[in-house]
Amino acid sequence: MTSPFLLDHSITKRFLSLPLPASDTRIQAEYIWIGGSGEDLRSKTKTLDSLPSSVGEYPEWNYDGSSTAQAPGHNSEVIIIPRAVFRDPFRGGDNVLVMTDTYDNKGVPLPTNTRHPANVIFDKVLDHKPWFGLEQEYTIFGFDAHPYGWPKGGFPAPQGPYYCGVGADRAFGRDIVEAHYKACLYAGVNISGINAEVMPGQWEYQVGPCEGISIGDHMWVSRYIMHRIAEMFGVVVSFHPKPIQGDWNGAGCHTNFSTKEMREEGGIQAIYAAIDKLSKKHQEHINVYGKHNELRLTGKHETAPITEFRAGVADRGASIRIPSQAAREGKGYFEDRRPASNVDPYVVAAKLVETICLC
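S.K.: Would you mind going over the packing of aromatic side chains with me for this structure?
M.R.: How two aromatic rings sit relative to each other is set out by the distance from centre to centre and by the angle between their planes. According to the stated counting rule, one finds 11 aromatic pairs in the structure shown. Judged by centre distance (6.4 Å) and plane angle (15°), the rings of F155 and W248 are stacked. Taken as a pair, F155 in the loop between strand 6 (131-141) and helix 3 (174-187) and W248 in the loop between strand 9 (236-238) and strand 10 (253-258) lie far apart in primary sequence, 93 residues in all. A relative accessible area of 8% means that W248 is categorised as buried. Among the aromatic residues, those joined into a cluster by ring pairs are F122, F132, F257 and F334. The side chain of K44 reaches across the aromatic face of W61, ending 4.2 Å from its centre. The ring of F239 has R223 lying over it, and the distance from NZ or CZ to the ring centre is 5.4 Å.

Here is the structure:
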């Protein structure tokens, strides 16, 4: 079921397509930030006199943090500072999406500002040139909280035909997926692919490779675009790691990682050394790899148990998977399969770098 509150987009389009006079250089900048839950995204629009030439030229702004569970009412002003800029796929033209991070009025990062501490870590490892590729899984729900494409009052056929499936009885919501893909490409998000996932109504897109802190900027903006497109279709996208209980796959955010050393000849030794370091800090990583992850990491449905750590070549039941190509060529990257779909990309990226490059 789609939202009963859907409006006629053709009417909206009539106004969005209105041209401004050639002498009018004003643009609309959509400022985006992470809300009080650490998972929700918020945004509001600011008119700028002209398109700035760099992110540093965008003005700081503020919002009412008492309305986002980020500040008390008597001292509610939260400052947002622009950090990354993308083209706006909804308004087009010179309009932009601006990813920001959040501070109190004394300049102290909010607890939900995970970008700031992550960037401190990344600044210490510039020579390592850490690359990330994140596989974002998500599930589409109707406005009635029913999985999109599932029969009312029942269940679809068991898992098997849906992964990378084709056909109206196997792929549910492809229009949403394709719209998101093209919107991300337009925006400048480094989206690298899409596919239908194992559970019906569940999909995945990949972001990367991105170096350093940019992986978080690109992933958060891709999630923002996803929520906006779902809003236009009258459906809801969930990043919960186990949206449906029972014999159905959960949703993860598998994190592919490499350093300059790993990508060079003989880099497989650096990969094994990194895995050894990760094995000694398994619980530390689990603690920051997303909420409700214990519902997903059960040892079933292509996961390792949350209490265990193991690695293997081409093993999708391991905590860490070494691609067969990396093992064969003796260099490349590895995949950390533990992060949940709702993980904070700033946090997971910084934690990997901290453990592997700074310990």
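Right, picking up where we left off after that structure.
S.K.: I would appreciate a short explanation of the nonpolar core in the present structure.
M.R.: One broad trend across soluble globular proteins is that nonpolar side chains are buried collectively. Formed by 65 residues in total, the largest nonpolar core has its most connected members in F122, F132, Y138, V189, I225, F334 and I356. For this core, the leading source of residues is helix 4 (residues 214-233), giving nine residues. Apart from the residues lying within four places of it in its own chain, the contact partners of F334 are T255, N256, F257, M262, I271, A274, L278, I320, R321, P323 and I356. Counting residues in hydrophobic clusters, the runner-up holds 14 residues, among them A29, Y63, A71 and V78.

S.K.: In this structure, what is going on with the layout of surface pockets? I would like to understand it.
M.R.: Over the atoms, a rolling probe the size of a water molecule traces out where space has been left empty. The computed volume of the largest pocket comes to approximately 680 Å³. H9, L16, F90, R228 and M232 are the residues nearest the centre of the largest pocket, which is lined by 21 residues in total. Those elements that provide at least two residues to the lining of the largest pocket are helix 1 (9-16), helix 3 and helix 4. When the residues that make up the lining of the largest pocket are grouped by side-chain class, the tally is 11 nonpolar, five polar and five charged.

S.K.: What is the right way to look at empty space enclosed by the protein in this model?
M.R.: A complete count under the given rule lists two cavities of 30 Å³ or more for this structure. Taken as a whole, the largest cavity holds about 60 Å³ of empty space. Taken together, W33, I34, T100, D101, T102, T112, N113, T114, R115 and Y346 make up the full set of residues lining the largest cavity. A breakdown of the residues in the lining of the largest cavity according to their chemical character gives three nonpolar, five polar and two charged. Class assignment for the residues of the lining of the second largest cavity results in six nonpolar, three polar and three charged.

S.K.: For this particular structure, what's the right way to read the pairing of strand 1 (residues 27-34)?
M.R.: Where a strand is regular, its side chains alternate between the two sheet faces. Counting buried positions over the eight residues of strand 1 gives seven, a clear majority of the element. Sheet analysis places strand 1 next to strand 2 (residues 41-48), joined by eight bridges and oriented antiparallel. Bridge pairing in strand 2 links A29 to K46. Connecting the antiparallel pair strand 1 and strand 2 is a turn made up of six residues, with G38 showing a positive phi of about 80°. In terms of strand pairing, strand 1 meets strand 5 (residues 96-103) through four bridges, oriented parallel. Within the sheet, the bridge partner assigned to I32 lies in strand 5 and is M99.

S.K.: Help me out: how do you make sense of a nonpolar patch on the surface in this one?
M.R.: A surface patch of nonpolar side chains, about 310 Å² in accessible area, is lined by F5, F143 and V236. With respect to the helices and strands, the residue F5 is situated in the segment before helix 1. A relative accessible area of 61% places F5 in the exposed class.

About the thresholds
- Residues numbered from 1 in each chain as written.
- Predicted model: local features only at pLDDT ≥ 70, side-chain atom pairs only at ≥ 80, totals over all residues.
- Heavy atoms only, no water.
- Phe/Tyr/Trp six-rings, centres within 6.5 Å; stacked < 30°, edge-to-face > 60°.
- Helix = DSSP H or I, 4+ residues; strand = E, 2+ residues; numbered from the N terminus.
- Buried < 20%, exposed > 50% of the residue type's maximum accessible area, 1.4 Å probe, protein only.
- Lys NZ or Arg CZ within 6 Å of the ring centre and 35° of its normal.
- Core = buried A, V, L, I, M, F, W, Y, C linked by side-chain atoms within 4.5 Å.
- Contact = heavy atoms within 4.5 Å.
- 1 Å grid on protein atoms, 1.4 Å probe; cavity = no way out; pocket = protein on both sides within 12 Å on 5 of 7 lines; lining within 4 Å.
- Points joined across faces, edges and corners; volume = space filled by probe spheres on them.
- Nonpolar A, V, L, I, M, F, W, Y, C, P; charged D, E, K, R; others polar.
- Pairing = 2+ DSSP bridges.
- Patch = residues over 30% accessible without salt bridge, like charges linked within 9 Å, V, L, I, M, F, W, Y side chains within 5 Å.
- Areas by Shrake-Rupley, 256 points an atom, 1.4 Å probe, with all protein chains shown as cover.
- Salt bridge = Lys/Arg side-chain N within 4 Å of Asp/Glu carboxyl O.

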